[in-house]
Amino acid sequence: DAIVRLPLAAVLGAALALRPRKRGSARQSVLVVQTQIMLAVVGAVIMLVVGNSLSRAFGIVGAAGLVRYRSTIDDPKEAVVMLCALGAGLAAGVGLYILAPFSTFFMATVLWAVEYFEPPARKFFELTVNTPQASHFRPKVEGVLHGLGLEYELLTESDDSISYSVSAPLDVRTRDVSDTMRLLAGDGDMSIEWAEKKGKK
């Protein structure tokens, strides 16, 4: 049963999570997509464990409630991983010695698959460059950001200041970016500020 039901649950969950969306609608979060796929698999595992046993159903409700109210988790995917562990533990605890390892292996495989397509983690900043004739220096700033693979969006621009919303890979050093900008500015008076922001999931 598990060989058929778990892959089917994964396919159905993926079909819902990756469904076509109306043009112009908000972009779906990667973590939400991963969570939706895994929830379908966890639901199938739990139903295989419960079967027709009412006592098992009550036990799962109690265990899930304990996980929900005793854990503080910001990442929805990590909450699903906890439910995966719960499902595997329940299967082992009720003596389903074939379902327990198979479901664990299958859930780990699906997790690896959805995480494989996850974009690299990034950090987010608000970059402010204060320099005389900022509008003339703007192309050089954007050339540096683009050349280093940083995603940016212009926030404000004035005669002596420009600011950007910047998304950067985790291994980028803001000091190196600032030094490159100062090198392009030559002897010009310049101040550069990086304010790290909390990134969107």
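Use the structure listed above.
Here the structure is a predicted model, which is why all the values come from computation and not from measurement.

### A closer look at the overall build of the chain
The helix and strand tally for the chain stands at seven helices and four strands. Starting at the N terminus, the α and β elements of the chain follow one another as α-α-α-α-α-β-α-β-β-α-β. Buried residues in the chain amount to 33% of all 201 residues. At a minimum sequence separation of 6, the contacts of the chain that also span at least 24 residues come to 69%. With the model as given, the accessible surface of the chain reaches about 12,900 Å², and the carbon-plus-sulfur share is 59%.

### Some remarks on the side chain of Ser163
Tracing the chain through its elements places Ser163 in strand E3 (residues 161-169). Among the polar contacts made by the side chain of Ser163, one reaches the side chain of Thr156 at a distance of 2.5 Å. The contact partners of Ser163, leaving out residues within four places of it in the chain, are Leu127, Thr128, Glu153, Leu154, Leu155 and Thr156.

### A look at the sheet that holds E3
Across the sheet, four strands lie side by side as E2-E3-E1-E4; this open sheet has antiparallel pairing. Each of the sheet's edge strands pairs with one partner strand only, and the pair in question is strand E2 (151-157) and strand E4 (191-197). Each strand axis lies, on average, 20° off the axis of its neighbour in the sheet, ignoring direction. Pairing of strand E1 (residues 122-130) with E4, which is carried by seven bridges, proceeds in the antiparallel orientation. Its bridge partner being in E4, Phe125 is matched across the sheet by Glu196. Together, E1, E2 and E3 form the strand contacts of helix H6 (residues 134-147), whose direction differs from that of E3 by roughly 5°. In this fold helix H7 (residues 174-185) packs onto E1 and E4, with an angle of close to 155° to the strand it touches most, E4.

### Focus on the packing of helix H1 (residues 2-17) against helix H2 (residues 30-50)
The contact between H1 and H2 brings their axes to 8 Å, and the two run at 150°. In terms of orientation, H1 and H2 fall into the roughly antiparallel class. The interaxial crossing formed by H1 with H2 has right-handed handedness. Contacts between H1 and H2 involve Ala2, Arg5, Leu6, Ala9, Ala10, Gly13, Ala14 and Ala17 on the former and, on the latter, Val33, Gln36, Ile37, Ala40, Val41, Ala44, Val45 and Leu48. Classifying every residue of the contact of H1 with H2 by side-chain character gives 13 nonpolar, two polar and one charged.

### Things to note about the pairing of E1
Two elements, E1 and E3, share nine bridges in a ladder whose sense is antiparallel. Paired with Arg122 across the strands is Pro169, a residue of E3.

### Let's talk about a nonpolar patch on the surface
Taken together, Trp112, Tyr116 and Phe117 make up a surface patch of nonpolar side chains, about 470 Å² in accessible area. Mapped onto the elements, Trp112 comes out in helix H5 (residues 99-116). The class of Trp112 is exposed, set by a relative accessible area of 58%.

### Quick notes on the nonpolar core
One finds Leu6, Met38, Met107 and Val110 to be the most contacted residues of the largest nonpolar core, which totals 29 residues. Looking at this core, the elements that each hand over two or more residues are H1, H2, helix H4 (76-93) and H5. If sequence neighbours within four positions are ignored, Met38 has contacts with Val80, Cys84, Met107, Val110 and Leu111. Formed by 18 residues, the second largest nonpolar core is a distinct cluster that contains Phe125, Leu127, Ala134 and Val144.

### Describing the pattern of salt bridges
Counted under the stated rule, the structure contains five salt bridges. The salt bridge involving Asp176 is made with Arg173; its shortest N-O contact spans 3.8 Å. One salt-bridge network, in which partners are shared between bridges, spans Arg138, Glu142 and Glu157.

### Concerning H1
Counted at 1.5 Å a residue, the expected span for H1 with its 16 residues is 22 Å, and the 22 Å between its end C-alpha atoms agrees. Contact partners of the buried residues in H1: H2 and H5.

Parameters at a glance
Residues numbered from 1 in each chain as written. Predicted model: local features only at pLDDT ≥ 70, side-chain atom pairs only at ≥ 80, totals over all residues. Heavy atoms only, no water. Helix = DSSP H or I, 4+ residues; strand = E, 2+ residues; numbered from the N terminus. Buried < 20%, exposed > 50% of the residue type's maximum accessible area, 1.4 Å probe, protein only. Contact = heavy atoms within 4.5 Å. Areas by Shrake-Rupley, 256 points an atom, 1.4 Å probe, with all protein chains shown as cover. Polar contact = N/O pair within 3.5 Å; in protein donor to acceptor, adjacent residues only side chain to side chain. Pairing = 2+ DSSP bridges. Axes fitted to C-alpha atoms, helices over the stretch in contact; angles between N-to-C directions. Parallel < 35°, antiparallel > 145°, perpendicular 65-115°, else oblique. Left-handed = near helix turned anticlockwise from the far one by under 90°. Nonpolar A, V, L, I, M, F, W, Y, C, P; charged D, E, K, R; others polar. Patch = residues over 30% accessible without salt bridge, like charges linked within 9 Å, V, L, I, M, F, W, Y side chains within 5 Å. Salt bridge = Lys/Arg side-chain N within 4 Å of Asp/Glu carboxyl O. Core = buried A, V, L, I, M, F, W, Y, C linked by side-chain atoms within 4.5 Å. Expected span 1.5 Å × (residues − 1).

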